[in-house]
Amino acid sequence: MQEGLLTVVVAVSAYFFIHNYPSTANFLSNGERDFIHRRLKADSDATDDESFNWNNVRKALTDIKVYLYCFGFHTMSLPLYTLSLFLPSIIRDLGYTSAQAQLLTIPPYAVAFITTMTVAVISEHYKRRAPFIMGTSALAILGYILLLSDPRPGPSYTGTFFAAAGIYPSVALTLAWPANNVSGQTKRAVANGLQV
Amino acid sequence: MSDAKLEHVPEIPSSDSSSQEDLRTASDKNLLRKLDLKLLPPLTLLYLLSFLDRSNVGNARIEGLVADLGISGNEYLTGLTLFFIGYVLFEVPCNIILKLWTPRMWLPTLTLAWGVVSTLMGVIQNKAGFFVVRFFLGVSESGLFPGIVYYLSLWYRREERTYRISLFFSAAALAGAFGGILAWGIAHMRGTGGYNGWRWIFILVCFQLHLGALRI
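Computed from a predicted structure; not experimentally measured.

Parameters at a glance
Residues numbered from 1 in each chain as written. Chains lettered and ligands numbered in written order. Predicted model: local features only at pLDDT ≥ 70, side-chain atom pairs only at ≥ 80, totals over all residues. Heavy atoms only, no water. 1 Å grid on protein atoms, 1.4 Å probe; cavity = no way out; pocket = protein on both sides within 12 Å on 5 of 7 lines; lining within 4 Å. Points joined across faces, edges and corners; volume = space filled by probe spheres on them. Helix = DSSP H or I, 4+ residues; strand = E, 2+ residues; numbered from the N terminus. Nonpolar A, V, L, I, M, F, W, Y, C, P; charged D, E, K, R; others polar. Core = buried A, V, L, I, M, F, W, Y, C linked by side-chain atoms within 4.5 Å. Buried < 20%, exposed > 50% of the residue type's maximum accessible area, 1.4 Å probe, protein only. Contact = heavy atoms within 4.5 Å. Salt bridge = Lys/Arg side-chain N within 4 Å of Asp/Glu carboxyl O. Phe/Tyr/Trp six-rings, centres within 6.5 Å; stacked < 30°, edge-to-face > 60°.

A. A look at empty space enclosed by the protein. Per the stated rule, a full pass over the model turns up three cavities of 30 Å³ or more. Taken together, A:Ser84, A:Pro88, A:Thr105, A:Tyr109, B:Ser55, B:Asn59, B:Ala175, B:Gly176 and B:Gly179 form the lining of the second largest cavity. For the lining of the second largest cavity, the elements supplying multiple residues, two or more each, are α4 (64-92) of chain A together with α3 (26-69) and α8 (158-189) of chain B. Among the elements that take part in the lining of the second largest cavity, α8(B) stands out by supplying three residues, more than any other. Across the lining of the second largest cavity, the residue classes tally to three nonpolar, six polar and no charged.

B. Region of the structure containing the nonpolar core. Membership of the largest hydrophobic core comes to 83 residues, with the highest contact counts inside it found for A:Tyr168, B:Tyr47, B:Phe130, B:Trp155 and B:Phe169. Per element, the largest residue contribution to this core is 16 residues, and it comes from α3(B). Not counting residues up to four positions away in its chain, the partners in contact with B:Phe130 are B:Val57, B:Leu65, B:Leu69, B:Ile71, B:Glu75, B:Tyr76, B:Gly79, B:Met121 and B:Ile124.

C. Molecular detail of the pattern of salt bridges. Residues and elements named next belong to chain B. Inspection of every chain in the model, using the stated rule, returns five salt bridges over all chains. The shortest N-O distance in the salt bridge between Asp-36 and Arg-164 comes to 2.8 Å. Of the two residues, Asp-36 is situated in helix α3 and Arg-164 in helix α8; the sequence distance between them amounts to 128 residues. Of the two residues, Asp-36 and Arg-164, neither departs from the other in class, the shared state being buried. The salt bridge partner of Glu-141 is Arg-54, with a shortest N-O separation of 2.8 Å. Remark: Arg-54 occurs in helix α3 and Glu-141 occurs in helix α6 (residues 127-141); sequence separation between them is 87 residues. The burial state of Glu-141 is the same as that of Arg-54; both residues are buried.

D. How the structure looks around the packing of aromatic side chains. Per the stated rule, a full pass over the model turns up 18 aromatic pairs over all chains. The interplanar angle of 50° and the centroid separation of 5.8 Å between the aromatic rings of B:Tyr47 and B:Phe145 together place this pair among those described as tilted. Placement of B:Tyr47 in helix α3 and of B:Phe145 in helix α7 (residues 144-153) is noted, with a sequence separation of 98 residues between them. Each member of the pair B:Tyr47 and B:Phe145 is classed as buried. A centroid spacing of 6.2 Å and a plane angle of 80° characterise the contact between B:Phe51 and B:Phe169, whose relative ring orientation is edge-to-face. With B:Phe51 in helix α3 and B:Phe169 in helix α8, this pair connects stretches of sequence that are 118 residues apart. Residues B:Phe51 and B:Phe169 agree in their burial class; the two are buried. Among the aromatic residues, those joined into a cluster by ring pairs are A:Tyr81, A:Tyr109, A:Tyr168, B:Tyr47, B:Phe51, B:Phe83, B:Phe84, B:Tyr87, B:Phe145, B:Phe168 and B:Phe169.

Shown next as structure tokens:
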């Protein structure tokens with residue numbers, strides 16, 4: 001409940017710190033605004049005045065790759081949410097009190113935060129996604145196998161580390177994938193909508 | 001960065017050209033850094049809060065939520081599913097509103113809406129309340145992620161966007177850690193200080209955030 005109140009207060013302050021568009025942002029000079037527009041224009045289709053038409057929607061709906069993105073995302077968001085919604089319960093069931101369990105959820109998430117940042121930076125450096133998604137998914141799978149197969153607290157808790165450290169970067173990269181690869185505004189919008 | 005410096009920027013090549021990396025100028029990198037510092041922290045903060053508010057039910061579950069409301073394991077799962085139903089149904093409508101209204105108005109309004117909904121989560125008395133609140137939490141949180149992805153497309157080029165999306169998603173993992181700390185604190189204080197002290201700590205934390213936000 002208190003966390004909800006925190007959100008309310010941040011929301012009110014967010015009215016002041018979210019900038020609208022490059023053309024109205026007060027932290028940019030005119031030269032910089034112009035520069036951003038030119039960069040975006042040079043970037044294939046982002047600033048094209050693409051009018052909405054059903055043909056583009058159909059293109060997204062009939063592209064097998066769009067479905068593969070969806071499939072990839074859904075198969076990954078399921079383990080992500082089961083982990084984020086049940087991690088406290090999983091750890092408590094290993095034989096800890098509720099308060100201890102809450103505290104013990106922190107280290108796996110801290111590791112997941114570090115791996116997500118690291119994998120994002122490295123995959124950006126090499127401009128590759130697939131090998132990294134495979135690697136981090138493998139790590140996550142290892143974690144879930146540990147959780148499934150060994151009920152002892154030690155191996156299970158180790159499993160939560162692998163699972164969290166693997167699944168968060170996997171989802172982060174998978175989510176960002178179609179935004180990069182699907183061309184055409186409407187097709188991309190439909191693809192993103194379908195995926196999420 | 002001065003305007004004069006920018007006048008010397010060469011024509012920007014198309015994103016497909018292989019010589020693009022070579023032509024990327026220092027001012028280009030500086031501008032990107034400036035955008036990153038201005039845009040990403042607030043977006044990451046909002047995403048962190050959205051993940052905190054959707055996953056803290058997992059923390060609440062072992063603090064007696066299930067027992068107090070008398071909901072079974074399956075009913076708990078139904079509540080979780082209702083969140084995703086609300087989420088899926090309202091994603092597209094939310095992005096249409098974002099386009100009609102402006103990001104500056106819409107993203108904080110969404111945040112305010114789910115903040116209120118998840119505060120109401122603290123006062124529910126029964127199963128029906130749990131279902132209704134979870135559904136509306138899904139509705140109010142649905143617009144944030146697609147909204148941010150669209151918003152980033154107004155500022156960044158395609159290949160730059162991927163990286164930023166991956167980065168701000170790491171806030172989801174951070175939210176899990178924060179949720180654990182907050183829940184531990186509340187559980188730990190229950191016997192000694194009660195809730196009131198914690199309410200005040202949150203108010204103070206919020207106040208600082210607010211001041212920090214105004215400085216930006």
